[in-house]
Amino acid sequence: MVFPFRFLTGARGNADAQTPIFERTDYSCCTIEYIVSGSGFLEVNGEKSTPSAGDIYQLPKHSNHRYYPNRSDPWQKLFFVVDGDFMEELLKIHGLEKVYHIRNCRHLKRWFDRWCTQTSLAISQEQYALEFHQFVVELSMHVYREGARENPHVRQLCERLQYALEQPFSLAEYAAETPYTETHLIRLFRERYGQTPYEFRMEKKMEQARILLLHSPLSVKEIAERLGFSSQYHFSNYFKLRTGESPRRFRQTI
């Protein structure tokens, strides 16, 4: 009988401004990555996020995904690749099979350090399976604790900011729907996500701008209008400030 778990590899990944976009359909295994530094852009089964230092993200088996580093702050990562029925069942049991991005996981880095250094040793698949089980338990406990602490008004604000990038948004109007003042809501949001709602929204707009520059025929002016910038000049200046290069240069060099 074939053992139902396979630890395939553990390694470090160092990106730079020239690292290409990785895109896969019906992925053949499962990769879990820890970001040591930097940040990047991730889309798994239609869900978009921007993982950064201290975060973990998962590329599940059979997923459709694409990801690439932030060109101005490329990520450095530790990762491991696993496969087998035991892996899939374990993630499902602990409710992680559709959890793609988990924030603030620095306490779990030790697992990635361990697996990146012991792949050259004679470790049995049974031992890897036991360790992976413990890792999944700790990861699921972290996800549960983070979810329990999440303020529903802050979570809904995050969702609105992320999925209405091409529509006008008023934080004052949203605050009026909640028990909080606008100032209090900004403080709660910063405590949870490490940035203000404005900074978060602009980060998402830059992510969308990169996608449109790479994969659409829209002109820079049309992209600026679509994302709600007052002018092409304003958009180009902000894009260069955040990425280190102009929209036209970014489109030409990728």
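Nothing here was measured: the structure is a model prediction, and the numbers come from that model.

This part takes up the packing of aromatic side chains. Counted by the stated rule, this structure contains 25 aromatic pairs. Taken together, a centroid distance of 5.5 Å and an interplanar angle of 75° make the contact between Phe189 and Phe200 edge-to-face. Here Phe200 lies in helix 7 (residues 197-215) and Phe189 lies in helix 6 (residues 182-193), a separation of 11 residues in the sequence. Across the pair, Phe200 and Phe189 agree in class, each one buried. When the ring centre of Phe229 is taken as reference, the NZ or CZ atom of Lys205 above it lies at 5.7 Å.

Before going further, it helps to examine the sheet that holds strand 9 (residues 101-102). One open sheet holds the 5 strands; their spatial order is 1-8-3-6-9, and the pairing between them is antiparallel. Each edge of the open sheet is held by one strand with a lone partner, namely strand 1 (6-14) and strand 9. Helix 2 (residues 109-117) contacts strand 1, strand 3 (30-37), strand 6 (56-59) and strand 8 (76-83) of the sheet and is inclined by roughly 75° relative to strand 8.

Our focus in this paragraph is the nonpolar core. Ranked by internal contacts, the top residues of the largest apolar core, which has 26 residues, are Ile56, Phe80, Phe112, Phe132 and Phe135. It is helix 3 (residues 125-149) that provides the largest number of residues to this core, a total of 6 residues. For Ile56, the residues in contact, after removing those within four places along its chain, are Ile32, Glu33, Tyr34, Tyr100, His101, Ile102, Cys105, Leu108, Phe112, Phe135 and Leu139.

Bringing the sheet that holds strand 4 (residues 40-44) into the picture now. Read across the open sheet, the 4 strands follow the order 2-7-4-5; overall the sheet is antiparallel. Edge positions in the open sheet fall to strand 2 (22-24) and strand 5 (47-49), since each of these has one partner strand only. Going from strand to strand, the sheet's axes swing by 5° on average, the running direction of each strand aside. Sheet topology note: the strand 4/strand 7 (residues 65-69) ladder contains 5 bridges and is antiparallel.

Thresholds applied
- Residues numbered from 1 in each chain as written.
- Predicted model: local features only at pLDDT ≥ 70, side-chain atom pairs only at ≥ 80, totals over all residues.
- Heavy atoms only, no water.
- Phe/Tyr/Trp six-rings, centres within 6.5 Å; stacked < 30°, edge-to-face > 60°.
- Helix = DSSP H or I, 4+ residues; strand = E, 2+ residues; numbered from the N terminus.
- Buried < 20%, exposed > 50% of the residue type's maximum accessible area, 1.4 Å probe, protein only.
- Lys NZ or Arg CZ within 6 Å of the ring centre and 35° of its normal.
- Pairing = 2+ DSSP bridges.
- Contact = heavy atoms within 4.5 Å.
- Axes fitted to C-alpha atoms, helices over the stretch in contact; angles between N-to-C directions.
- Core = buried A, V, L, I, M, F, W, Y, C linked by side-chain atoms within 4.5 Å.

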